[in-house]
Amino acid sequence: MNLWLRLFWLLITAPFRPKLVLPEQTSVLTFRVFPHDLDPSLHMNNGRYLAIMDLGRIDLLIRSGIGRAVWRNKWTPVANAAIVRFRRELRLFDRYRLETRTLAWFESAVIIEQTFVFAGGERDGQIAARAIFKGAIYDRSARRYVSVTDLMDTIGVAQASPAPTAEVEAFLAADRAMRDTGRTDLNA
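Everything in this summary refers to the structure shown in the same document. (Residues numbered from 1 in each chain as written. Predicted model: local features only at pLDDT ≥ 70, side-chain atom pairs only at ≥ 80, totals over all residues. Heavy atoms only, no water.)

**Overview of helix H3 (residues 66–73)**
Condition: Whether a residue is buried, partly exposed or exposed follows from its accessible area with a 1.4 Å probe, protein chains only, as a fraction of its type maximum: under 20%, in between, or over 50%, in that order. Helix and strand assignments follow DSSP, with helices taken as H or I runs no shorter than four residues and strands as E runs no shorter than two, numbered in order from the N terminus. The arc refers to the directions leading from the helix axis to the C-beta atoms. Whether two residues are in contact is decided by their heavy atoms, any of which lying within 4.5 Å being enough.
All buried positions along H3 are accounted for by Ile-66, Ala-69 and Val-70. Axial view of H3: buried residues confined to an arc of 100°, hence all on one face. Turned more than 90 degrees off the buried face of H3, the exposed positions are Arg-68, Trp-71 and Arg-72. Packed against the buried residues of H3 are helix H2 (46–64), strand S2 (76–86), strand S5 (127–139) and helix H4 (148–154). Just downstream of H3, Lys-74 is the residue with a positive phi angle, here 60°.

Have a look at this one:
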């Protein structure tokens, strides 16, 4: 996480923004592309997208109430997999929104969609990039992932996960294939 000022601002302001009800509501954060976000091609660096996505997930954790349980129990949010599709470049000083929403969950993993949308200007509303992310909460003391059902219970979500879409199923299949292949094929 190399976005300390943005993170600090997020942590200070999150308690004053409305609570998010999962899975129905979406976290929306607005940013601007600054010089330190650029790569040599003068558009936002692809690694910066992943770092900004961290902020969207932190906002989702805090504003949904999950963050309290994570903090209280000294759990650790972890990233398992992500896929990003870049559609239009974000250039210097472009304003954009990061929209983060929960798509589905399983016993120990949550699937999240994160979309970068131009906010203003001639491309207002156009998608710059879209990602699907798989993450979990890890309990280091118990050496296991926290049950997502238990986690959802702590914030009053009793409903079952929304059904995974064909896109989510394809993402999970690709994730399983990468996991199962592991490092054994690298020496072939």
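On we go from here.
**Here's the deal with unusual backbone geometry**
With an omega of 0°, the peptide bond running from Leu-22 to Pro-23 counts as cis. Note on placement: Pro-23 falls in the loop between helix H1 (4–13) and strand S1 (27–32). Phi at Phe-93 is positive, roughly 70°, even though this residue is not glycine. By the element assignment, Phe-93 lies in the loop between S2 and strand S3 (95–105). Phe-93 sits in the partly exposed class, given a relative accessible area of 44%.

**A few points about the layout of surface pockets**
Cut-off, in case you're wondering: For cavity detection a 1 Å grid was placed over the protein atoms alone, and a set of points counts as a cavity when a 1.4 Å probe fits there but cannot get out; an open set counts as a pocket when protein lies on both sides within 12 Å along at least five of seven lines, with lining residues being those that have an atom within 4 Å of a point. Grid points are joined across faces, edges and corners, and a volume is the space filled by probe spheres set on the points. In this classification, the charged set is Asp, Glu, Lys and Arg, the nonpolar set is Ala, Val, Leu, Ile, Met, Phe, Trp, Tyr, Cys and Pro, and all remaining amino acids, among them Gly, are polar.
Taken as a whole, the largest pocket encloses approximately 760 Å³ of empty space. Ranked by the residues each element gives to the lining of the largest pocket, the list is headed by H2, at 7 residues. For the lining of the largest pocket, the residue count by class is 24 nonpolar, 4 polar and 4 charged.

**Examining a nonpolar patch on the surface**
Note the cut-off: Note on patches: the residues involved have over 30% relative accessible area and no salt bridge, like charges join within 9 Å, and the nonpolar side chains Val, Leu, Ile, Met, Phe, Trp and Tyr join within 5 Å. Method for areas: the Shrake-Rupley scheme with a 1.4 Å probe, in which residue coverage is limited to the protein chains shown. Any carboxyl oxygen of Asp or Glu that lies within 4 Å of a side-chain nitrogen of Lys or Arg is treated as forming a salt bridge with it.
A contiguous nonpolar patch, built from Phe-34, Leu-92 and Phe-93 and spanning about 260 Å² of accessible area, is present on the exposed surface. Following the sequence through the fold, Phe-34 ends up in the loop between S1 and H2.

**A closer look at H1**
All buried positions along H1 are accounted for by Arg-6, Leu-7, Leu-10 and Thr-13. Looking straight down H1, one finds that the buried residues subtend no more than 140° of arc, so they occupy a single side. Exposed residues lying more than 90 degrees from the buried face of H1 are Trp-4, Leu-5 and Phe-8. Its buried side turned inward, H1 meets S1 and H2.

**Re the environment of Val-168**
With respect to the helices, strands and loops of the structure, Val-168 is situated in helix H5 (residues 166–181). Excluding residues that lie within four positions of it along the chain, Val-168 makes contacts with Leu-103 and Ile-111.

**So, the nonpolar core**
Filter applied, for reference: Take the buried Ala, Val, Leu, Ile, Met, Phe, Trp, Tyr and Cys residues and link them wherever side-chain atoms come within 4.5 Å; each set so joined is a nonpolar core.
In terms of nonpolar packing, the biggest core is built from 21 residues, with Phe-31, Met-44, Ile-52, Leu-55, Leu-90, Tyr-96 and Phe-116 touching the most fellow members. Only H1, S1, H2, S3, strand S4 (110–118) and S5 provide two or more residues apiece to this core. Per-element tally for this core: the top contributor is H2, with 5 residues. Other than its neighbours up to four places away in sequence, Leu-90 contacts Val-33, His-43, Met-44, Tyr-49, Tyr-96, Phe-116, Phe-118 and Ala-128. Among the nonpolar cores identified, the runner-up in size contains 18 residues, and Val-110, Ile-112, Val-146 and Val-148 belong to it.

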